[in-house]
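Structural features, examined
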Amino acid sequence: PVHIRRAKFIEKLEEQKLLLEDPTVVRTVQRTAEVDGVKQAVVRKQKVRPWWKTDPSGHLVMSIKFGAKPLEFQPGKAGVAVPSKDKLPSVINLLIEAVRAGELDELFTQASKARPAIKPKKAA
C-alpha cells in the first residue's frame, strides 16, 4: 500500500508539472455509469486544477494535497512558499524525490487517519 500511495502521489505531482507547461491539461478517468439501464465503464475528462495560488503579498504558495485536503508540514502551515513561478518545477521535483525517499510517508499516514472511514449504508 505504501508504494501504491507514493506512485499515485508522484503521478499527481507530474500532472502539476504538465499544468505549468500547458494550462489546458486534462486527465482521463474511467468511471462506471449507467447507460441505457446497464452499468458500463465510461471514460471521462477531468480538468487538472493547480495546487499553487498567489497570496495577497504577491508570493506563490503551493499547497500539497492528499485527497481533498492539503498536507500540513508543520501545524498550521499547509503550504510551501515559492519565490516565483519559475521555481515551481524545481520545488515539484524536490517533492517527487522526497516522496520516492519515503520522507512524506508519515504525513500521508496522518492524513489518511484524519479522513473518516466510509460506513456501509444500512438496508431500509
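Residues numbered from 1 in each chain as written. Predicted model: local features only at pLDDT ≥ 70, side-chain atom pairs only at ≥ 80, totals over all residues. Heavy atoms only, no water.

1. Things to note about the overall build of the chain
- Check the secondary structure of the chain and you find three helices and seven strands.
- Sequence-ordered secondary structure for the chain, helices as α and strands as β, is α-β-β-β-β-β-β-β-α-α.
- When each of the 124 residues of the chain is scored for burial, the buried share is 26%.
- Restricting to contacts in the chain with at least 6 residues of sequence separation, those with at least 24 account for 47%. (Helix = DSSP H or I, 4+ residues; strand = E, 2+ residues; numbered from the N terminus. Buried < 20%, exposed > 50% of the residue type's maximum accessible area, 1.4 Å probe, protein only. Contact = heavy atoms within 4.5 Å.)

2. Focus on helix H2 (residues 88-101)
- Between its first and last C-alpha atoms H2 spans 20 Å; for 14 residues at 1.5 Å apiece the expected length is 20 Å, and the two agree.
- Taken together, the buried positions of H2 are occupied by Leu-88, Val-91, Ile-92, Leu-95, Ile-96, Ala-98 and Val-99. In an axial view of H2, the angular spread of the buried residues amounts to 160°, which keeps them on one side of the axis. Of the residues in H2, the exposed ones pointing more than 90 degrees away from the buried face are Leu-94 and Ala-101.
- One or two steps after H2, the chain reaches Gly-102, where phi turns positive at roughly 85°. (Expected span 1.5 Å × (residues − 1). Arc of directions from axis to C-beta.)

3. What to know about the layout of surface pockets
- Taken as a whole, the largest pocket encloses approximately 530 Å³ of empty space.
- Forming the walls of the largest pocket are 16 residues, and the residues nearest its centre are Lys-8, Lys-12, Arg-27, Trp-51 and Gly-67.
- Where the lining of the largest pocket is concerned, the elements lending two or more residues are helix H1 (2-21), strand S1 (26-35) and strand S5 (65-66).
- Per-element accounting of the lining of the largest pocket gives the leading share, seven residues, to H1. (1 Å grid on protein atoms, 1.4 Å probe; cavity = no way out; pocket = protein on both sides within 12 Å on 5 of 7 lines; lining within 4 Å. Points joined across faces, edges and corners; volume = space filled by probe spheres on them.)

4. Let's talk about H1
- With 20 residues, H1 extends 29 Å between its outermost C-alpha atoms, agreeing within 8% with the 28 Å of an ideal straight helix rising 1.5 Å per residue.
- Along H1, the residues classified as buried are Arg-6, Phe-9, Ile-10, Leu-13, Glu-15, Gln-16 and Leu-19.

5. Structural notes on the side chain of Ser-63
- Tracing the backbone through its elements, the reader meets Ser-63 in the loop between strand S4 (60-62) and S5.
- When sequence neighbours within four positions are dropped, the list of residues in contact with Ser-63 reads Trp-51, Pro-70, Ala-78 and Gly-79.

6. Points about the confidence of the model for the chain
- On average, residues of the chain score 83 in pLDDT, and 90% of them are at 70 or above.
- Confidence scores differ between elements of the chain, with helix H3 (residues 105-114) showing the lowest mean pLDDT of 71 and strand S2 (residues 38-47) the highest of 90. (pLDDT = per-residue confidence, 0-100.)

7. Comments concerning the sheet that holds S4
- Strand order in the open sheet formed by three strands is S3-S4-S7, and the pairing between neighbours is antiparallel. Looking at the sheet topology across the chains shown, the edges are occupied by strand S3 (52-54) and strand S7 (80-82). If you compare each strand with its neighbour and ignore which way they point, the axes differ by 30° on average.
- Where S3 meets S4, three bridges bridge the pair, whose relative direction is antiparallel. Paired with Thr-54 across the strands is Leu-60, a residue of S4.
- Where H2 meets the sheet, its contacts fall on S3, S4 and S7, and the angle it forms with S4 comes to roughly 20°. (Pairing = 2+ DSSP bridges. Axes fitted to C-alpha atoms, helices over the stretch in contact; angles between N-to-C directions.)

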